[in-house]
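# Descriptive analysis of the structure
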Amino acid sequence: TAMVRAREFLHAHGGATRTSSWAKFYLCLLGVMPWEGHNPVPPEAWLLPDWAPFHPARMWCHARMVYLPMGYLYGSRYVYGGAGEAGRDA
């Protein structure tokens with residue numbers, strides 16, 4: 001299957017730690033990689049006052065639209081229920 005070929009490709013090229021942040025995020029969502037392996041995407045940043053030097057509202061509009069749901073999923077450590085535990089064992 002495609003997932004088996006993808007896993008073989010990842011293993012042959014250094015594993016998931018060599019992939020981009022986006023790829024690691026999706027691997028975490030699928031339950032293939034633990035959330036501890038992903039760089040933090042803190043949803044608490046949205047609670048900062050808007051006058052703070054860094055606030056997500058100051059990001060480019062498309063980045064904000066991605067950062068908010070990514071922050072939520074990261075904060076809840078969401079794993080897709082249909083992924084099963086097979087991915088972690090493989």
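Scope of this entry: the structure provided in the associated data block. (Residues numbered from 1 in each chain as written. Predicted model: local features only at pLDDT ≥ 70, side-chain atom pairs only at ≥ 80, totals over all residues. Heavy atoms only, no water.)

In this structure, His38 sits in the loop between α2 (21–29) and α3 (61–76). Leaving out residues up to four positions away in the same chain, His38 has contacts with Ser21, Lys24, Phe25, Cys28, Met33 and Tyr74. (Helix = DSSP H or I, 4+ residues; strand = E, 2+ residues; numbered from the N terminus. Contact = heavy atoms within 4.5 Å.)

Our next topic: the packing of α2 against α3. α3 packs onto α2 with a crossing angle of 40 degrees between their chain directions and a minimal axis gap of 12 Å. Judged by the angle between their axes, α2 and α3 are oblique. In the packing of α2 onto α3, the handedness of the crossing is left-handed. Residue-level contacts link Trp22, Phe25 and Leu29 of α2 to Val66, Met70 and Leu73 of α3. Residues belonging to the contact of α2 with α3 are distributed by class as follows: six nonpolar, no polar and no charged. (Axes fitted to C-alpha atoms, helices over the stretch in contact; angles between N-to-C directions. Parallel < 35°, antiparallel > 145°, perpendicular 65-115°, else oblique. Left-handed = near helix turned anticlockwise from the far one by under 90°. Nonpolar A, V, L, I, M, F, W, Y, C, P; charged D, E, K, R; others polar.)

Quick look at α3 now. Helix length check: α3 (16 residues) gives 23 Å between terminal C-alpha atoms against 22 Å at 1.5 Å per residue, within 8%. Three or more residues of α3 are buried, namely Tyr67, Met70, Gly71 and Tyr74. Along its buried surface, α3 packs onto α2. Trailing α3 by a residue or two, Arg77 shows a phi angle of about 55 degrees, which is positive. (Expected span 1.5 Å × (residues − 1). Buried < 20%, exposed > 50% of the residue type's maximum accessible area, 1.4 Å probe, protein only.)

According to the stated counting rule, one finds four aromatic pairs in the structure shown. Look at Phe25 and Tyr26: their rings are 6.1 Å apart centre to centre, the planes differ by 80 degrees, and that puts the pair in the edge-to-face class. Note on Phe25: relative accessible area 3%, which makes it buried. With 6.0 Å between their ring centres and 35 degrees between their planes, Trp46 and Tyr67 make a pair best called tilted. (Phe/Tyr/Trp six-rings, centres within 6.5 Å; stacked < 30°, edge-to-face > 60°.)

None of this, on its own, says anything about what the molecule does.
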